[in-house]
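Below, each chain spelled out in residue letters.
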Amino acid sequence: QVQLVESGGGLVQAGGSLRLSCAASGRTFSSYAMGWFRQAPGKEREFVAAISWSGGSTYYADSVKGRFTISRDNAKNTVYLQMNSLKPEDTAVYYCAASYRYGEIRREEYDYWGQGTQVTVSS
C-alpha cells in the first residue's frame, strides 16, 4: 500500500504558474506509475497527466498539453505537476494517484489516491 499527500495548491491569476507536489510513503514508489486528476465543482473527476515508473514516458490530456508538465523524483518519492499559463477553467481540486499500469486515463485503474489540493485560477 502507498499513501499519497498533495501540496502546492493555491490561488493564482490567469496566466500564472503553480507547481503541485505529491509525496508518497509506503511501498516502493518506483513500482507505481503515477497520474494527476482534477475535479471541478459539479463535474466528474478527469484525467490530467500520467508518468511511467521511471519517468521516461509521459501522457497528457489535450486540455493541458503544452502547458502542464508531469515529472517524478524516485529518490524523493515525489511526483510533480508544473502548471503554466493557467486558465480559469483549470480551477479544480487536483489529485495524485498511483497505478501499477502506465498510461491509464480512467480513474478506476488507479489503486491509491491522495486527499487533493485546491487550485483556483482567477480571471
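Just above sits the structure.
Residues numbered from 1 in each chain as written. Predicted model: local features only at pLDDT ≥ 70, side-chain atom pairs only at ≥ 80, totals over all residues. Heavy atoms only, no water.

A.B. asks: Any chance you could break down the overall build of the protein chain for me, citing the residues and the numbers?
C.D. replies: Check the secondary structure of the protein chain and you find zero helices and 11 strands. The order of α-helices and β-strands along the protein chain, N terminus first, is β-β-β-β-β-β-β-β-β-β-β. Computed over its C-alpha atoms, the radius of gyration of the protein chain comes to 13 Å, within 12% of the 14 Å expected for a compact globule of 123 residues. Counting only C-alpha atoms, the protein chain reaches 40 × 25 × 25 Å along its principal axes. Counting only residues that meet the buried cut, the protein chain has 43% of its 123 residues in that class. (Helix = DSSP H or I, 4+ residues; strand = E, 2+ residues; numbered from the N terminus. Rg over C-alpha atoms; globule rule 2.2 N^0.38 Å. Buried < 20%, exposed > 50% of the residue type's maximum accessible area, 1.4 Å probe, protein only.)

A.B. asks: Give a detailed account of the nonpolar core, specifying residues and quantitative values.
C.D. replies: Here is a general trend for soluble globular proteins: nonpolar side chains tend to be buried in one another's company. If you look at the biggest cluster of nonpolar residues, it comprises 35 residues, and the most contacted ones within it are Met34, Trp36, Val79, Leu81, Met83 and Tyr94. If we skip the residues at most four places from it in the chain, Met83 touches Gly16, Ser17, Leu18, Leu20, Arg67, Phe68, Tyr94 and Val119. (Core = buried A, V, L, I, M, F, W, Y, C linked by side-chain atoms within 4.5 Å. Contact = heavy atoms within 4.5 Å.)

A.B. asks: Before we move on, could you go through the packing of aromatic side chains and cite the residues and values that matter?
C.D. replies: For the coordinates displayed, the defined rule picks out nine aromatic pairs. Arranged with centres 5.0 Å apart and planes meeting at 80 degrees, the rings of Phe37 and Tyr110 form a pair that is edge-to-face. Of this pair, Phe37 sits in strand β4 (residues 33-39) while Tyr110 sits in the loop between β9 (92-99) and β10 (112-113), and the two are 73 residues apart along the sequence. Taking relative accessible area as the criterion, Tyr110 reaches 5% and is therefore assigned buried. An aromatic cluster is built from Phe37, Phe47, Tyr59, Tyr95, Tyr110 and Trp113, whose rings are joined through pairwise contacts. In this arrangement the basic side chain of Arg72 is found over the ring face of Phe29, its NZ or CZ atom lying 4.4 Å from the centre. (Phe/Tyr/Trp six-rings, centres within 6.5 Å; stacked < 30°, edge-to-face > 60°. Lys NZ or Arg CZ within 6 Å of the ring centre and 35° of its normal.)

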